[in-house]
Amino acid sequence: MIISKDNMGALADAIGATQTVYVPGTERAATRFVAHKKGEPVVLGGANVRMPPKDLLFPATEKMYRWKKHEGQLSLETEAAAHEPFTVLGVRPCDMASVAKLDLVFLTKGFVDEFYQARRDAATFVAVTCVDPDGDCFCEAMGVRLDAAPAADVLLVDRGGAYEAKPQTEKGEAAVAAWAEALGAGADAAAGDAVEAHCTLNPAAAKAEERLRAEDFDNVWHSVADYCLTCGTCTFECPTCYCFDISQDVRADEGARFRCWDSCMFTQYTLMAGNHNPRADRASRVRQRFMHKLRYFADRYGEGLCVGCGRCIRDCPAGVDIAAIIDAVATAPEHELTEAARTVQADEAKKEAAHV
Amino acid sequence: MNDATQIVRERATALLADGTVAAVVGWAAGRGDHDRHVFVARTPEEAALLVADQYCGALAAKRVLSLLDEGKIALVARGCESRAVNRFMADRQLKRDQVHVIGWPCPGMLDPATGDALKRCTECQRRNPVLSDEVVGDPVPEPELDRFAELERFEQKTPEERRAFFQDMYESCIRCYACRNACPCCTCRVCFVDQERVGWMGEEFTADQARYYGTVRAFHTGDRCIECGECQRVCPQHLPLMLLMHKQVRDIDGLFGPYPGGGMEPEGPDPLRTYHTDDLEEFM
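Per-chain numbering applies: the sequence of each chain, read as written, is numbered from 1 onward. The naming scheme follows written order: chains are lettered A onward, ligands numbered 1 onward. This being a predicted model, a pLDDT of at least 70 is required before a residue's local features are given, and a value of 80 or more before pairs of side-chain atoms are given or counted; all residues contribute to the totals for chains, interfaces and linings. Only hydrogens and water are removed before side-chain values are computed, so all heavy atoms of the structure are retained for them.

Runs of E in the DSSP output that reach at least two residues are strands. Runs of H or I that reach at least four are helices, and both are numbered from the N terminus. For chain B, the count of helices and strands is ten helices and five strands. Taking 284 residues into account, the globule formula puts the C-alpha radius of gyration at 19 Å, and chain B, at 20 Å, falls close to it. Overall, chain B is about 60 × 45 × 45 Å in size when its C-alpha atoms are taken along their principal axes. Of all 284 residues assigned to chain B, the portion counted as buried reaches 52%. At a minimum sequence separation of 6, the contacts of chain B that also span at least 24 residues come to 68%. Based on C-alpha atoms, the radius of gyration is set beside the globule rule, defined as 2.2 Å times the residue count to the power 0.38. Per-residue accessibility, obtained with a 1.4 Å probe over protein chains only, is compared with the maximum for each type, and a residue is labelled buried under 20%, exposed over 50%, and partly exposed between these values. Only heavy atoms enter the contact rule, under which two residues are in contact if any of them lie within 4.5 Å.

What chain A contains, in helices and strands, is eleven helices and eleven strands. Each principal axis of the C-alpha atoms in chain A carries an extent, and together these give about 70 × 70 × 50 Å. Burial analysis of chain A (356 residues in total) assigns 49% to the buried set. Summarising the internal contacts of chain A: among those between residues at least 6 apart in sequence, 72% fall at separations of at least 24. Carbon together with sulfur atoms contributes 51% to the accessible area of chain A, which is approximately 16700 Å² in total. Across chain A, the mean location of the 39 positive side-chain charges is 4 Å away from that of the 53 negative side-chain charges. Using the Shrake-Rupley algorithm and a 1.4 Å probe, accessible areas are obtained, with residue cover drawn only from the displayed protein chains. Charged-residue counts in this description rest on Lys and Arg as positive and Asp and Glu as negative, His and the chain ends being excluded. Taken as the charge location is NZ of Lys, CZ of Arg, CG of Asp or CD of Glu.

Any pair of Phe, Tyr and Trp rings, taking the six-membered ring for Trp, is counted once the centres come within 6.5 Å. Such a pair is stacked with planes under 30 degrees apart, edge-to-face with planes over 60 apart, and tilted for the rest. With the rule as written, the count across this model stands at 20 aromatic pairs over all chains. Judged by centre distance (5.4 Å) and plane angle (90°), the rings of Phe 165 of chain B and Phe 166 of chain B are edge-to-face. Its relative accessible area of 23% is what places Phe 165 of chain B among the partly exposed residues. By definition here, charges over rings are those cases where NZ of Lys or CZ of Arg is within 6 Å of the ring centre and within 35 degrees of the ring normal. Positioned over the ring face of Phe 244 of chain A is Arg 259 of chain A, at 4.6 Å from the centre of the ring. A cation over an aromatic ring shows up here: Arg 175 of chain B above the ring of Phe 205 of chain B, its NZ or CZ 5.0 Å from the ring centre.

Residues and elements named next belong to chain A. Salt bridge, as applied in this entry: a Lys or Arg side-chain nitrogen positioned within 4 Å of an Asp or Glu carboxyl oxygen. Under the defined criterion, the tally for this structure stands at 43 salt bridges over all chains. Its salt-bridge partner being Arg 119, residue Glu 62 comes within 2.3 Å of it at the nearest N-O pair. With Glu 62 in strand β4 (residues 61–70) and Arg 119 in helix α3 (residues 114–122), the pair connects residues that are 57 residues apart, well separated along the chain. For the residue pair Glu 62 and Arg 119, the accessibility class agrees, reading buried in each case.

Residue and element names in this part refer to chain A. Residue ranges assigned to each domain were obtained from an automatic or database domain assignment. Assigned domains of chain A: these are domain 1 (2–187) and domain 2 (205–343). Taken over C-alpha atoms, the centre of domain 1 sits 26 Å from the centre of domain 2. Contact with domain 1, which involves 41 residues of that partner, is made by 42 residues of domain 2. As used here, buried area is the combined drop in accessible area, with a 1.4 Å probe, of two parts when they are placed together. With both chains or domains summed, domain 1 and domain 2 bury close to 3600 Å², and 62% of this area falls on carbon and sulfur atoms. One can count six salt bridges joining domain 1 with domain 2. The salt bridge involving Glu 303 is made with Lys 101; its shortest N-O contact spans 2.7 Å. We call two N or O atoms a polar contact when they sit within 3.5 Å, provided that within protein one can donate a hydrogen and the other can accept it, with sequence-adjacent residues counted only if both atoms are side-chain atoms. Taken together, the connections running from domain 1 to domain 2 amount to 21 residue pairs in polar contact (both at pLDDT 80 or more). Only β4, α2 (93–107) and α3 provide two or more residues apiece to the side of domain 1 that touches domain 2.

Residues and elements named next belong to chain A. DSSP bridges decide pairing: two strands pair if at least two such bridges lie between them. As summarised here, the arrangement of the four strands in space is β5-β4-β11-β10, forming an open sheet in which the pairing is antiparallel. Where the open sheet ends on each side, the last strands, each with one partner, are β5 (73–78) and β10 (244–250). In this sheet, neighbouring strand axes are inclined to one another by 20° on average, regardless of whether the strands run parallel or antiparallel. With seven bridges joining them, β4 and strand β11 (residues 254–261) adopt antiparallel strand pairing. Residue pairing for β11: Trp 67 is matched across the bridge by Gly 255. Orientation is described by axes fitted as lines to C-alpha atoms, over the contacting stretch for helices, and by angles from 0 to 180 degrees between their N-to-C directions. Against the sheet, α3 touches β4 and β11, its axis set at about 125° to β4.

So, in structure tokens, the structure goes:
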């Protein structure tokens, strides 16, 4: 099915007839995915939205359960429930890759987060191939292709004046069939060749990941900590940062538990009872953020946690640049091996000796 | 290389080489042509990386406070940084002999993305450093700008429009605390929002909590603000944070002035914490 770019508004109207459809727009001082209003134009090209789509699956603040005490009886009421179906239209390959990573966090390794799952099951993701990478985009270095979004239900391939809609899941097949019916002749536009685009920024991520396993880069973390403000901008704008904190709102005999986004950049993040803080200094928090993005997540899930969307570079008020940090690590002169790496090497040597 | 960069590098190298200071706080270049970030040079080799040109948008002064354990610190200081040094001294965060001020008469900074003048520079009163141990280059003419223009436009709004304006502003705040972390007046060891056991502040991301944070921070810094505008520059949502600051500065000037703004002199003026027998007492 080929849909003219001029028909994106009509497409959003058609989907919007039965469910909420989120499209790139501006709301609350930022570009983000906003609920489409019937009749408004929809444009999928240009710069990516500043706020990623993660809050549609994992809201910044989310009620978990309420409790109430009445005549000595305690009652609990969960807030987790099936979610109304919704569609996200115009997600870039980088952001679609971020959803796949959030799926790993919230749905695998033996625990399913019911709040996330309710929204995830209700969502239909319509991705669009990216033809507008800017100077801070480096998704290709992080294993994302600009012309593919395997986690999406439907992929819109940019073919000049029109998009070719390719369903990729059962949900996607049903969606595209419904669009064809709703759009009629509007679903049969002329198409050119698929537009090809590439990132100009290509940090050496694989090399950095490998070296972060074996060496200490304290000098890198300290030099970044010399200018990082340790504010939460990067973590809140990051499409894959998923840390949250659980809090409560307690009244006399009722209350609610809720969770909200937290940031490893904040001093409070690791503050423990008795006032001990293992990451009290800026450099250790900077180290944690980049080690998690570039190495720890890969240790646990087999892939890194950065999708190269470039938001943290574009909007960092202090000029912290993850692409430059990746290259600084990849090209640094050889360091002393870390204690952990030495132990691993010794163990491997022992194993080899035993085999012989 | 421009003259200022060259002189700053030479002076930083000399100060580090002869042991006058342990580190020099300035700026260095990032990946992009016009990317600059705050930079701490601790060796003569690192001093060769310092840059002082029209893209050094960030306020460098606050970094000095976290380096005091390393020894005496040199700071490349424009008008705004020098006023921050006065602020730190008045707030007992810094002693004069802990900092060596390399004054840099400021040419005004540009936004690296657009090439336009930074907003904080279009509202600047003092481009030449108000204190220094040495100065790089010749004094520049002080700007003749109306820093309250935005405030005056705002005050034309009706009360309903103002309410809607602030509601929109605080709904947009993502509470990243960049404004607080960048502010030279925010030097509390533990910020009120981080005092979890007291529970001043709820953790929910709502307009109410953001308004509570934003207004308390504005009032806590109102009579000390040096009007550097760094809070607004660092805000990732580009919120008009300087409105409330300019409002307070202008009110203090009108009610208890003359008040030129914070950090102009090493000790004060400090009108809200200074009692005069002829102070206004309209409320009595």
